[in-house]
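This is what each chain is made of:
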Amino acid sequence: MKRFIFILILLATAVGALFLWRQPPQQTTAQASLLPLLTATDTAGFARATTPNAIQFPRDLGPHPDYQTEWWYYTGNLEGENGRLFGYQLTIFRRALTPTIPHSAPPTPHSDWRTNQVYLAHFTLSDIANDTFYPHERFSRGAAGLAGAQAQPYRVWLDDWTIAETAPGVVRLQADGGDAALDLTLTQTLPPVLHGDGGLSPKGEEPGNASYYYSIIRQETSGTVRIGDEIVDVTGLSWKDHEYSTSALSPNAVGWDWFSLQLDNGGGLMLFQIRNADGSLEPLSSGSYIAPDGTVTHLQLADFDIEVLDTWTSPTSGGEYPAGWRLRIPKLDLDLEGRPLMANQELNVSTTYWEGAVQFSGTLAGQPLTARGYIELTGYAESMNGRI
């Protein structure tokens, strides 16, 4: 479902980052004139997600500059020696400031700095044993080799934070935030999961209010994490989301809850619910259950129930977040309860939201089931731009 919040992130950081568009670094007077490019709601000229079964591989591993917003989103649960637990997030976002110029348009002066694409990245590491969270953020223009994406060979990068294919089905993730770093190798074990209707994931009833959305789950993961000067060998599982769209949430939407769980039966579960200002849920909230053999069962809002069992209040933002859940899916005979692996996994960067490692246990068809994964919670705290 994710993550229109990052349109707001780019708005919040416009003063510090938007000078990157089209001009070399020394020409910073363009900031004020560029702000309307992001604050405007006009989506004319951008492609829209409207057609099921449009995703093709390997083509759609790469960027889609005709769409306004895109992200490559990795989260994972890792374990070191003696069972020491970590969680991580590495995400690179792309935002188009204007529609791609048609080939028939008159030529413009060339510059290696010229681009209509802005890139943003988030890297976090959760050190569960020490109850410490390390969030980091970067921005760059999609020009001069500073940031970008490609399909073959698959690679997405912002400076030296990289996601790069090293062999078919194998990618290497590298990010260093100074106080924390990771260097991981991920190996694909299941085919990509197409969410919604053949990868077309609607977010509201408005025409074109949808995204193309797929996941690659249960990627076997090994490598190292670094906390300060300490380097820890780790193994675990990672989950990738790739989503691209030209749309926004419906006007009455105030946030969402997104779940990605790696089940110990070899399967996985993705759920999202969009919350509206009147307390209702967006009817097109949905999910996917992935069986151990890769078979996908699409879930509509009526198929699942998410009950909040506990809350946590952030000492930084004052936001009150859900911090315990019961997930029930009667059609699958699935019943799980879970909590965060540590409470404070709130990012306070250019915007404020909670995204962190969780664990669940319960039953599936009467058999015991456990899971680890990640949950994202938006719309519970104040940001620089108001409610998110």
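Residues numbered from 1 in each chain as written. Predicted model: local features only at pLDDT ≥ 70, side-chain atom pairs only at ≥ 80, totals over all residues. Heavy atoms only, no water.

**Things to note about the overall build of the protein chain**
Under the convention used in this document: By the criteria applied, helices consist of DSSP H or I runs no shorter than four residues and strands consist of E runs no shorter than two, each listed in order from the N terminus. The buried label applies to any residue whose accessible area, calculated with a 1.4 Å probe on protein chains only, is under 20% of its type's maximum; exposed applies above 50%, and partly exposed to all values in between. Whether two residues are in contact is decided by their heavy atoms: any pair within 4.5 Å suffices.
Secondary structure summary: the protein chain contains three helices and 25 strands in total. Here the protein chain, with 388 residues, has 55% of them falling under the buried criterion. Residue pairs at least 24 apart in sequence account for 60% of intrachain contacts in the protein chain once pairs closer than 6 positions are excluded.

**Regarding the packing of aromatic side chains**
The following threshold applies: Any pair of Phe, Tyr and Trp rings, taking the six-membered ring for Trp, is counted once the centres come within 6.5 Å. Such a pair is stacked with planes under 30 degrees apart, edge-to-face with planes over 60 apart, and tilted for the rest.
Counted according to the given criterion, the structure contains 10 aromatic pairs. An angle of 75 degrees between the planes, with centres 5.8 Å apart, marks the rings of Phe123 and Trp161 as edge-to-face. Of the two residues, Phe123 sits in strand 3 (residues 117–127) while Trp161 sits in strand 7 (residues 161–167), which places them 38 residues apart along the sequence. Note on accessibility: Phe123 and Trp161 belong to one class, buried. Here Tyr321 and Tyr380 contribute two aromatic rings whose centre-to-centre distance is 5.7 Å and whose plane-to-plane angle is 50 degrees, an arrangement assigned as tilted. Highlighted residues: Tyr321 in strand 19 (residues 320–329) and Tyr380 in the loop between strand 23 (367–377) and strand 24 (382–383), separated in sequence by 59 residues. Given a relative accessible area of 1%, Tyr321 falls into the buried group. By relative accessible area, Tyr380 is classed as buried at 17%. Each residue in the set Tyr67, Tyr212 and Tyr244 is aromatic and connected to the rest through ring pairs, giving one cluster.

**Some points on the pairing of strand 14 (residues 253–263)**
Convention followed: When DSSP finds two or more bridges between two strands, those strands count as paired.
A large share of strand 14 lies buried, amounting to 10 of its 11 residues. Judged from the nine bridges that link them, strand 14 and strand 15 (residues 268–276) form a sheet pairing that is antiparallel. Within strand 15, the position partnered with Leu261 by the bridge is Leu269. Where strand 14 hands over to strand 15, the hairpin turn is made up of four residues, of which Gly266 adopts a positive phi near 95 degrees. Of the pairings in the sheet, the one linking strand 14 to strand 23 comprises seven bridges and is antiparallel in character. Within the sheet, the bridge partner assigned to Phe259 lies in strand 23 and is Ile375.

**Some points on the nonpolar core**
Rules: Residues grouped as a nonpolar core are buried Ala, Val, Leu, Ile, Met, Phe, Trp, Tyr and Cys residues, joined through side-chain atoms within 4.5 Å.
Counting 40 residues, the largest nonpolar core has Tyr74, Tyr88, Leu125, Tyr154, Ile163, Leu173 and Val225 as its most contacted members. In terms of residue count, the dominant contributor to this core is strand 12 (residues 210–227) (six residues). The contacts of Ile163, once residues within four sequence positions are left out, are Tyr74, Leu90, Ile92, Tyr154, Arg155, Val156, Arg172 and Leu173. Among the nonpolar cores identified, the runner-up in size contains 30 residues, and Phe259, Ala291, Trp312 and Ala323 belong to it.

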